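# Tertiary structure, described
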Amino acid sequence: MVMPVKFTSFLSKIWLADLFGLFFPNVCVACGRTLNRQEEILCTSCLYKLPKTGFHMHAENLVAETFWGRVELHSAASFLFFSKKGKVQKLMHVLKYKGRKEVGVYLGRLFGTDLKESPLFNTVEMIVPVPLHPKKQRKRGFNQSVMIARGIGEALGVPVSVDNLIRTAYTSSQTKKSRYDRWQNVKGVFSVQDPELFRNKHLLIVDDVLTTGATMEACVHPLLEIPGTKVSVATLASTQA
Ligand SMILES: [Zn+2]
């Protein structure tokens, strides 16, 4: 039987993809199961079982409450519930420490698709990822928040600003500090290069995980000093919830 050239090259592409998969199996980052050709990053089962918070549809939620009395936000939400040793922690770990940038873009796109449905978030005009200090970014090779912001930006059809909000001081790790110490540690380390770019805009600040909110709060302060800005906050996961 003679097959048309196009069809045979299509078959050889599939064959090559399968052969490639044999040596470099494409596995679900959450559970380790081998992915089929239609699946990307997560297997269908993990994708449907993502522990979504649904916070983006409610003005009052546990993430928004974190900021009450601290900083005036337009809206705040986290995409997923975070639990120690759970699948979400695994996802965050793979994104941050295993160099899997595409996991951030992928999850950002999923979150952005949901945010687009929310009247609280669909007026966002610019996305601002929480900056890493340049030294830390060089060490890691990329900023995970930028990857998440790109995915959200793609879904919302909104630009991402990566170099206007900058981190001016190198801060030590936040993980072992108390809430007060965390705030002291990050207070005043962020500043805006060109306030005109943000003037009169609804900005969405994006980060990977929200813990005490100290870093977010420090980011939001200089942004709210710019006339006419509205600031909202979105993180992939939250330990508050
Ligand atoms: Zn899975």
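Computed from a predicted model, the values in this text were never measured in an experiment.

### Things to note about the pattern of salt bridges
- Applying the stated criterion across every chain yields a total of six salt bridges.
- A salt bridge links Asp114 to Lys52, with the shortest nitrogen-to-oxygen separation between them at 3.2 Å. Residue Asp114 is located in helix H5 (residues 101–115), and its partner Lys52 is located in the loop between helix H2 (44–48) and helix H3 (62–66); the two are separated by 62 residues in the primary sequence.
- Judged by relative accessible area, Lys52 falls into the partly exposed class, the value being 43%.
- Where Glu154 meets Arg109, a salt bridge forms, and the shortest distance between an N and an O atom there is 2.7 Å.

### Some points on the sheet that holds strand S5 (residues 202–210)
- Read from one edge to the other, the open sheet built from four strands follows the order S1-S6-S5-S2, with strand pairing classed as parallel. The open sheet is flanked by strand S1 (76–81) and strand S2 (126–129), the only strands paired with a single partner. Going across the sheet, the axis of each strand differs from the next one's by a mean of 20°, ignoring polarity.
- Pairing of S1 with strand S6 (residues 230–238) involves five bridges; the strand directions are parallel. Paired with Ala77 across the strands is Ala234, a residue of S6.
- On the sheet, H5 packs against S1, S5 and S6 and is oriented at approximately 130° with respect to S1.
- Taken strand by strand, helix H7 (residues 144–156) contacts S2, S5 and S6, and its axis lies near 130° from that of S5.

### Quick word on the coordination of the zinc ion
- Note on the zinc ion: its protein donors are Cys28 (SG), Cys31 (SG), Cys43 (SG) and Cys46 (SG). The metal-donor distances range over 2.3 Å.
- In this structure, the zinc ion is coordinated by four donor atoms arranged in tetrahedral fashion, with angles at the metal of 104 to 116°.
- In terms of primary sequence, the donors binding the zinc ion are separated according to C-x2-C-x11-C-x2-C. Separated by 18 residues along the polypeptide, Cys28 in the loop between helix H1 (5–23) and H2 and Cys46 in helix H2 bring together distant segments of the chain. Here Cys28 matches Cys46 in class, with each residue buried.

### Remarks on the nonpolar core
- Ranked by size, the top nonpolar core spans 68 residues in total, and within it Leu42, Ile127, Ile152, Leu204 and Ile205 carry the most contacts.
- Every residue in contact with Ile205, bar those within four places of it in the chain, is listed here: Val128, Val130, Met216, Cys219, Val220, Leu223, Val231, Ser232, Val233 and Ala234.

### Structural notes on the packing of aromatic side chains
- Overall, the coordinates contain two aromatic pairs when judged by the stated rule.
- Between Phe55 and Phe81, the ring centres sit 5.9 Å apart and the planes meet at 85°, which makes this aromatic pair edge-to-face. One end of the pair, Phe55, is in the loop between H2 and H3; the other, Phe81, is in strand S1, with 26 residues separating them in the sequence.
- Accessibility expressed as a relative area gives 9% for Phe55, which makes it buried.
- Classification of Phe81 by relative accessible area gives partly exposed; the value is 31%.
- Here Phe79 and Phe111 contribute two aromatic rings whose centre-to-centre distance is 4.8 Å and whose plane-to-plane angle is 25°, an arrangement assigned as stacked.

### Quick notes on unusual backbone geometry
- Positive phi outside glycine occurs at Ile41, with the angle close to 65°.
- Examined against the element boundaries, Ile41 turns out to sit in the loop between H1 and H2.
- When its relative accessible area of 8% is taken as the criterion, Ile41 is described as buried.
- One non-glycine residue, Asn200, adopts positive backbone phi at about 60°.
- The exposure class of Asn200 is exposed, given its relative accessible area of 53%.

### Section: H5
- Compared with the 21 Å implied by 1.5 Å per residue over 15 residues, the 21 Å span of H5 between its first and last C-alpha is a close match.
- Along H5, the residues that are buried comprise Val103, Gly104, Val105, Tyr106, Leu107, Gly108, Phe111, Gly112, Asp114 and Leu115.

Calculation rules
- Residues numbered from 1 in each chain as written.
- Predicted model: local features only at pLDDT ≥ 70, side-chain atom pairs only at ≥ 80, totals over all residues.
- Heavy atoms only, no water.
- Salt bridge = Lys/Arg side-chain N within 4 Å of Asp/Glu carboxyl O.
- Helix = DSSP H or I, 4+ residues; strand = E, 2+ residues; numbered from the N terminus.
- Buried < 20%, exposed > 50% of the residue type's maximum accessible area, 1.4 Å probe, protein only.
- Pairing = 2+ DSSP bridges.
- Axes fitted to C-alpha atoms, helices over the stretch in contact; angles between N-to-C directions.
- Contact = heavy atoms within 4.5 Å.
- Donors = N, O, S within 2.8 Å, 3.2 Å for Na, K, Ca; no water.
- Tetrahedral: all angles 85-135°; square planar, octahedral: opposite > 155°, others 65-115°.
- Core = buried A, V, L, I, M, F, W, Y, C linked by side-chain atoms within 4.5 Å.
- Phe/Tyr/Trp six-rings, centres within 6.5 Å; stacked < 30°, edge-to-face > 60°.
- Expected span 1.5 Å × (residues − 1).

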